There are 4 protein chains.
Amino acid sequence: MPAQRTTPIRVTVWGENRHERVDESVGRIYPDGMHTTIAGGIVEHLGDGCVVRTATLDDPEHGLTDEVLEQTDVLTWWGHAAHDEVRDDVVERVHRHVLSGMGLVVLHSGHWSKVFTTLMGTSCTLSRRAAHDRELVWTVDPTHPITEGVPNPIIIDAQEMYGETFDIPAPDELIFISSFTGGEVFRSGCTFRRGHGKIFFFSPGDQDYPVYHHADVRRVIANGVVWVKSDRPRTLPTLLRYETDDFFNGHGYTGPIESQEEQAHAPTN
Amino acid sequence: MPAQRTTPIRVTVWGENRHERVDESVGRIYPDGMHTTIAGGIVEHLGDGCVVRTATLDDPEHGLTDEVLEQTDVLTWWGHAAHDEVRDDVVERVHRHVLSGMGLVVLHSGHWSKVFTTLMGTSCTLSRRAAHDRELVWTVDPTHPITEGVPNPIIIDAQEMYGETFDIPAPDELIFISSFTGGEVFRSGCTFRRGHGKIFFFSPGDQDYPVYHHADVRRVIANGVVWVKSDRPRTLPTLLRYETDDFFNGHGYTGPIESQEEQAHAPTN
Amino acid sequence: MPAQRTTPIRVTVWGENRHERVDESVGRIYPDGMHTTIAGGIVEHLGDGCVVRTATLDDPEHGLTDEVLEQTDVLTWWGHAAHDEVRDDVVERVHRHVLSGMGLVVLHSGHWSKVFTTLMGTSCTLSRRAAHDRELVWTVDPTHPITEGVPNPIIIDAQEMYGETFDIPAPDELIFISSFTGGEVFRSGCTFRRGHGKIFFFSPGDQDYPVYHHADVRRVIANGVVWVKSDRPRTLPTLLRYETDDFFNGHGYTGPIESQEEQAHAPTN
Amino acid sequence: MPAQRTTPIRVTVWGENRHERVDESVGRIYPDGMHTTIAGGIVEHLGDGCVVRTATLDDPEHGLTDEVLEQTDVLTWWGHAAHDEVRDDVVERVHRHVLSGMGLVVLHSGHWSKVFTTLMGTSCTLSRRAAHDRELVWTVDPTHPITEGVPNPIIIDAQEMYGETFDIPAPDELIFISSFTGGEVFRSGCTFRRGHGKIFFFSPGDQDYPVYHHADVRRVIANGVVWVKSDRPRTLPTLLRYETDDFFNGHGYTGPIESQEEQAHAPTN
């Protein structure tokens, strides 16, 4: 295969950026915000292969205008304390871009974001314990690209606990299962395809512990960014109407009653 | 196993009931409304094993109050021309009941209902041709309870066409694949689990053709009703917080910041 | 639904029955053999709803003649030390019956039996530690019939460890995930459909610990027996040849070259 | 991302090569054997990105020695009339290499090869009609890499029919569904992961019709070759034993009874 120069992946790292400013102990771990640390981990691994920007809740339109999303190949999402403050129109916009092919990496407490629950259709609830735990992240799918270069298990010495039952649809691929000090387990790495978009959920990562400084966690997130990136032009799935024996020239939806009228005049085969 | 008397399945058949009254030709096929014909097919097969009521769009709250849903084991859904008229609060209510364990059978153009798209998280778009087609419904999962007593293929002589690409999450189980006169194919029988609820989508059925009078289609719908029925008490999945080494006495969510304060006072292990 | 009397499920519990006689400590835990204890747990829960027999490695044809298998709705399999002694023709016979619709429950070290590896097509290897562990069995699929009446988690105080990566195909349904004292995790309850047969793999259970006396483990196995039982007549999937426009009268395979000759004389459409 | 030079994919195209020599009409379509035509299609699309060799049934050891397989990243398999002549030891060898990470593309009647049925664990039977049909290959998973550059549907004007029910395990990914002139449907493009290996089954292709000269079919096969290629070193999944609190230094299996003895001397935690 000849030498090839790949276009860099355009990544937008979205962070809620509230804990960091409200809680001093979080601010010490993530002095520039968790989003900056997460962005740093992606650049660390992908280098020139990515162009990373960040956006936060308090930016106008949360930093997620149509213009930004159109130029975003992969969006990563971290939120926790302020899920409710995310505007519904922005959620709808992100949802539409994911269905159109934008990749999405959902991190940790992002499991309960409006964006993720809208895509999953379930409550995305789980069990948790906000005390000091050791998390072990085990690989279940050892040849998946997202596991490349990652030890089995990943050992995270300080972490809160997320446990089953995690109310999500059965994932398309189950990649990681974690266990915690108390003996709990969690499906911590899952992929989903929705519309034309690929989604990777990865649970390790917390505001109270320096998980996003962990070398293996950073590697997994970078791998996830590469994996969810689509190679196709962005297009929203649409409902198309075809004439008999035509497979390639469908036209858009014209409403249920109108199409009946059309049908009345259409030749039957 | 000793003789057992099973409690009848309480079914609510929901129908939009608009085409039947607007379009004379539809009214001739379904003089009492499609919902009545669908309900009749379920009773025909389940007999004393079910108690069936119907509800329609023009009923107060679309006939789907909390009281009705609490007493509904299985809801079937047919809509087409008036998806947009279904109130968002009723959609939210149905969604909550499905996640809590109410079974759902989504029929034909119900693929584009707010209820189904909310549960799927995708656009649920497809290709279609509203002309006279023969549909063949092939069994892919021959031992699934939903296929019991059903010929392979089911032959439906008059039907419109639904074709791929159907924008749904990969189903948990793919049961039927249909083909049409024009050579199109469609994943016409799929199951999904969402929260505590089971969902069966079955595409054959149309207002312009007498598909709900077809013996095999009626059998599949009745089988689907039995299959989606839950045997568990209805409960919404909830986010629970646990103390160390307790697995059984989780308490409810108290908010992200509060739980941090609790954590500050919690013993660490 | 009227009162109904269901035909009892005919269960054959197969046990290798070697450890029990070689190792005194195993004999103390299972004085009549593990198969007898397992059979007892099934009867305890299903009562008149089942008829259970046992068969062991040292029986003629391992107790698994065609006559026995034809009258077996569900076979449970436990083996460990003597997988290699199981005759290939018996494995082939069991395999054929599973593909024809016999239910199969594979227990613990049965993961490495010829029967299971033949059905899976993979190595079915895993990680293990034969030391004293606590196993917690967590429910991932809370509405699955196999989890009915089972606490979440099941706590097994004395157990060896089975850990990931478990080399199996992605299961059709993932029901339980276990964790162990050392922090390992394992997909401990999985279902698979193969041919017309349903398979449930359940890993808790060991010769060195009294796991098959554990109330919840017994309940899960009994639930599994009910779940894998087929309601259809036993038939082996076969390759069928059809004439144009006939869907229901396929005839058996007559060989690749012969069918070419037939084709030469067949009308083309 | 800097310019990168990827190592070419080493492909071995295996062909039974019997029909071509026995049946004059097949010889006219594939004068150098079907394997040569298939190999040509792969080179046509991957160019310098692949190195392709061919091997056939009548080569010593069917051309599939350990040396050849060790240097094969991806094996494609076409067989039909002589599945039974493939030596069991070669099947075992290919199976082992797939579980170790060699990619496998199974073509058309290869569905009934020993290699494929061993990997699937099922009968892999289907319905068929060896008459002239039009096949339409529809895309179900529109963003899968295997569908890149492929029209939806692919139109194959001359083809025999393969129909459901196809007795395979539920595929990990369903990519294509075909329909035929008679109205039959078939899951014609499926992926499976087994051990460390990826498998793509693609049914279009037949000895009696020039399907392997079809531009889109050639593209799909080339895409499949790229997709099943593993990026990891080839290793067979193995059963490993660990000591307490060690996760990374498992040692090999030493037998069921021996490990018991070890256990007697092992410290318990």
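Criteria and thresholds
Residues numbered from 1 in each chain as written. Chains lettered and ligands numbered in written order. Predicted model: local features only at pLDDT ≥ 70, side-chain atom pairs only at ≥ 80, totals over all residues. Heavy atoms only, no water. Helix = DSSP H or I, 4+ residues; strand = E, 2+ residues; numbered from the N terminus. Buried < 20%, exposed > 50% of the residue type's maximum accessible area, 1.4 Å probe, protein only. Areas by Shrake-Rupley, 256 points an atom, 1.4 Å probe, with all protein chains shown as cover. Lys, Arg positive; Asp, Glu negative; His and termini not counted. Charge placed at Lys NZ, Arg CZ, Asp CG, Glu CD. Contact = heavy atoms within 4.5 Å. Buried area = accessible area lost by both parts, 1.4 Å probe. Polar contact = N/O pair within 3.5 Å; in protein donor to acceptor, adjacent residues only side chain to side chain. Nonpolar A, V, L, I, M, F, W, Y, C, P; charged D, E, K, R; others polar. Salt bridge = Lys/Arg side-chain N within 4 Å of Asp/Glu carboxyl O. Pairing = 2+ DSSP bridges. Least-squares fit on C-alpha atoms with pLDDT ≥ 70 in both. Phe/Tyr/Trp six-rings, centres within 6.5 Å; stacked < 30°, edge-to-face > 60°. Right-handed = clockwise from strand over helix to strand, strands pointing away. Axes fitted to C-alpha atoms, helices over the stretch in contact; angles between N-to-C directions. Parallel < 35°, antiparallel > 145°, perpendicular 65-115°, else oblique. pLDDT = per-residue confidence, 0-100. Expected span 1.5 Å × (residues − 1).

### Brief notes about the overall build of chain A
- Regarding its fold elements, chain A presents 8 helices and 11 strands.
- Expressed as lengths along the three principal axes of its C-alpha atoms, the size of chain A is roughly 70 × 50 × 40 Å.
- Looking at chain A as a whole, 65% of its 269 residues qualify as buried.
- Total accessible area on chain A stands at roughly 9200 Å², and carbon and sulfur atoms take up 51% of it.
- The average position of the 23 basic charges and that of the 40 acidic charges among the side chains of chain A differ by 3 Å.

### Remarks on the interface of chain D and chain B
- Every contact between the two is made by 18 residues of chain D and, on the other side, 18 residues of chain B.
- Around 1400 Å² of area is buried between chain D and chain B when both sides are counted, 66% of it from carbon and sulfur atoms.
- By the criterion of area lost to chain B, the three top residues of chain D are Trp138(D), Thr165(D) and Val185(D), representing 32% of everything that side buries.
- At the boundary of chain D and chain B, one finds 7 residue pairs in polar contact (both at pLDDT 80 or more).
- Within the residue set of the side of chain D that touches chain B, elements represented by two or more residues are β5 (127-139), β7 (173-180) and β8 (185-194) of chain D.
- Looking at the side of chain D that touches chain B residue by residue, the classes come out as 7 nonpolar, 7 polar and 4 charged.

### Brief notes about the interface of chain B and chain A
- Across the contact, 55 residues belong to chain B and 55 residues belong to chain A.
- Buried surface at the junction of chain B and chain A, both sides included, amounts to about 4300 Å², of which 53% is carbon and sulfur.
- Where chain B packs against chain A, one counts 0 salt bridges.
- At the surface where chain B touches chain A, the tally comes to 10 residue pairs in polar contact (both at pLDDT 80 or more).
- Of all the elements in the fold, those that place two or more residues in the side of chain B that touches chain A are α5 (88-100), α6 (114-120), β5 (127-139), β8 (185-194), β10 (240-241) and α8 (256-265) of chain B.
- A total of 6 residues in the side of chain B that touches chain A trace back to one element, the largest contributor, which is β5(B).
- Among the residues forming the side of chain B that touches chain A, the class breakdown is 21 nonpolar, 22 polar and 12 charged.
- Direction of pairing for strand β10 (residues 240-241) of chain A relative to β5(B): parallel, over a ladder of 2 bridges. Bridge pairing in β5(B) links Leu240(A) to Ser127(B).

### Observations regarding the pattern of salt bridges
- The tally for this structure, following the rule as stated, stands at 76 salt bridges over all chains.
- Arg28(A) serves as the salt-bridge partner of Glu24(A), at 3.4 Å between the closest nitrogen and oxygen. Taken together, the positions of Glu24(A) and Arg28(A), both in helix α2 (residues 24-29) and 4 residues apart, correspond to about one turn of that helix. Here Glu24(A) and Arg28(A) have matching classes, each one exposed.
- Note that Glu85(B) is salt-bridged to Arg18(B), the shortest N-O span being 2.9 Å. In this pair, Glu85(B) sits in the loop between β3 (74-78) and α5 while Arg18(B) sits in the loop between β1 (9-15) and α1 (19-22), placing the two residues 67 residues apart along the sequence.
- Residue classification places Glu85(B) among the partly exposed residues on the basis of a relative accessible area of 42%.
- A cluster of three or more residues bridged by salt bridges with shared partners is formed by Arg18(A), Arg21(A), Asp58(A) and Glu85(A).

### Brief notes about unusual backbone geometry
- Looking along the chain, the bond that leaves Glu164(A) and enters Thr165(A) is cis, with omega of 10°.
- Along the chain, the position of Thr165(A) falls in the loop between β6 (154-163) and β7 (173-180).
- The phi torsion at Asn17(B) lies on the positive side, around 60°, for a residue other than glycine.
- On the basis of relative accessibility, which here comes to 14%, the residue Asn17(B) falls in the buried class.
- The phi dihedral of Cys124(B) falls on the positive side, at around 55°, and the residue is not glycine.
- Note that Cys124(B) resides in the loop between α6 and β5.

### Looking at the side chain of Asp167(A)
- Structurally, Asp167(A) can be placed in the loop between β6 and β7.
- Within the local environment of Asp167(A), its side chain forms a polar contact with the backbone nitrogen of Gly195(B), the two atoms lying 3.3 Å apart.
- Beyond its immediate chain neighbours, meaning those up to four positions away, Asp167(A) contacts Thr122(A), Ser123(A), Cys124(A), Thr125(A), Gly195(B) and Pro237(B).

### What to know about the relation of the copies chain D and chain B
- Relative to chain B, chain D is turned by 180° and slid 0.0 Å along the rotation axis, the superposed coordinates differing by an RMSD of 0.0 Å. Within this description, the copies of the chain are treated as partners about a two-fold rotation axis.

### Comments concerning the packing of aromatic side chains
- Per the counting criterion, the structure on display carries 41 aromatic pairs over all chains.
- The interplanar angle of 85° and the centroid separation of 5.4 Å between the aromatic rings of Trp138(A) and Phe247(D) together place this pair among those described as edge-to-face. Placement of Trp138(A) in strand β5 (residues 127-139) and of Phe247(D) in the loop between β10 (240-241) and β11 (251-252) is noted, with the two residues assigned to different chains.
- For Trp138(A), a relative accessible area of 5% puts it in the buried group.
- Given a relative accessible area of 7%, Phe247(D) falls into the buried group.
- Aromatic side chains Phe186(B) and Phe201(B) sit 6.5 Å apart centroid to centroid with 70° between the ring planes, which places their arrangement in the edge-to-face category. Placement of Phe186(B) in strand β8 and of Phe201(B) in strand β9 (residues 197-202) is noted, with a sequence separation of 15 residues between them.

### Describing the pairing of strand β3 (residues 74-78) of chain A
Residue and element names in this part refer to chain A.
- The element β3 is largely enclosed, with a buried count of 5 among its 5 residues.
- Neither face of β3 is left uncovered, since the one carrying Val74, Thr76 and Trp78 and the one carrying Leu75 and Trp77 both have all their residues buried.
- Across 5 bridges, the pairing between strand β1 (residues 9-15) and β3 is parallel. Within β3, the residue paired with Val13 across the bridge is Thr76.
- With helix α5 (residues 88-100) bridging β3 and its parallel neighbour strand β4 (residues 103-107), the resulting β-α-β unit is right-handed.

### Structural notes on the side chain of Asp141(A)
- On the secondary structure map, Asp141(A) appears in the loop between β5 and β6.
- Residue Asp141(A) is classed as buried on the basis of its relative accessible area of 11%.
- Beyond its immediate sequence surroundings of up to four residues, Asp141(A) is in contact with Thr147(A), Leu174(A), Ile175(A) and Arg193(D).

### Observations concerning the packing of helix α3 (residues 34-46) of chain D against helix α7 (residues 215-228) of chain D
All names here are of chain D.
- Their axes nearest at 8 Å, the elements α3 and α7 cross at an angle of 75°. By the angle between their axes, α3 is roughly perpendicular relative to α7. In contact with Thr37, Gly40, Gly41, Ile42, Glu44, His45 and Leu46 of α3, α7 contributes Ala215, Arg218, Arg219, Ile221, Ala222, Val225 and Val226.
- Grouping the amino acids of the contact of α3 with α7 by side-chain chemistry returns 7 nonpolar, 4 polar and 3 charged.

### Remarks on the confidence of the model for chain A
All names here are of chain A.
- Mean pLDDT for chain A: 91, with 91% of residues reaching 70 or above.
- The low-confidence segment residues 258-269 (pLDDT under 50) makes 20 contacts with residues lying over four places distant or belonging to another chain.
- Reported for the predicted complex are a pTM of 0.94 and an ipTM of 0.92.

### Examining the environment of Ala82(B)
Residue and element names in this part refer to chain B.
- Among the structural elements, Ala82 can be located in the loop between β3 and α5.
- With relative accessibility at 4%, the residue Ala82 sits in the buried group.
- Separated by 45 residues in sequence, Ala82 and Thr37 have C-alpha atoms that sit 20 Å apart.
- Discounting chain neighbours no more than four positions away, the residues touching Ala82 are Glu16, Arg18 and Leu57.

### Regarding the environment of Leu239(B)
- Summarising the element assignment, Leu239(B) is placed in the loop between α7 (215-228) and β10.
- Residue Leu239(B) is classed as buried on the basis of its relative accessible area, which comes to 6%.
- For the pair Leu239(B) and Tyr253(B), spaced 14 residues apart in sequence, the C-alpha separation works out to 5.9 Å.
- In this view, Leu239(B) contacts His111(A), Trp112(A), Thr125(A), Leu126(A), Arg128(A), His251(B), Gly252(B) and Tyr253(B); residues no more than four positions away in its chain are not counted.

### Looking at α3(D)
Residue and element names in this part refer to chain D.
- End to end, α3 covers 19 Å across 13 residues, agreeing with the expected 18 Å (1.5 Å per residue, within 8%).
- Considered for burial, the residues of α3 that qualify are Met34, His35, Thr37, Ile38, Ala39, Gly41, Ile42 and Leu46.
- The inward-facing, buried residues of α3 abut β1 (9-15), α1 (19-22), β2 (50-56), β3 (74-78), β4 (103-107) and α7.
- One or two steps after α3, the chain reaches Gly47, where phi turns positive at roughly 55°.

### Some details on the pairing of β1(D)
Residue and element names in this part refer to chain D.
- With 6 of 7 residues buried, β1 is to be regarded as a mostly interior element.
- Sheet topology places β1 next to β2; 7 bridges connect them, and they run parallel. Bridge pairing links Thr12 to Arg53 in β2.

### Notes on the environment of Asp246(C)
- Locating Asp246(C) in the fold gives a position in the loop between β10 (240-241) and β11 (251-252).
- The class for Asp246(C) is buried, based on a relative accessible area of 17%.

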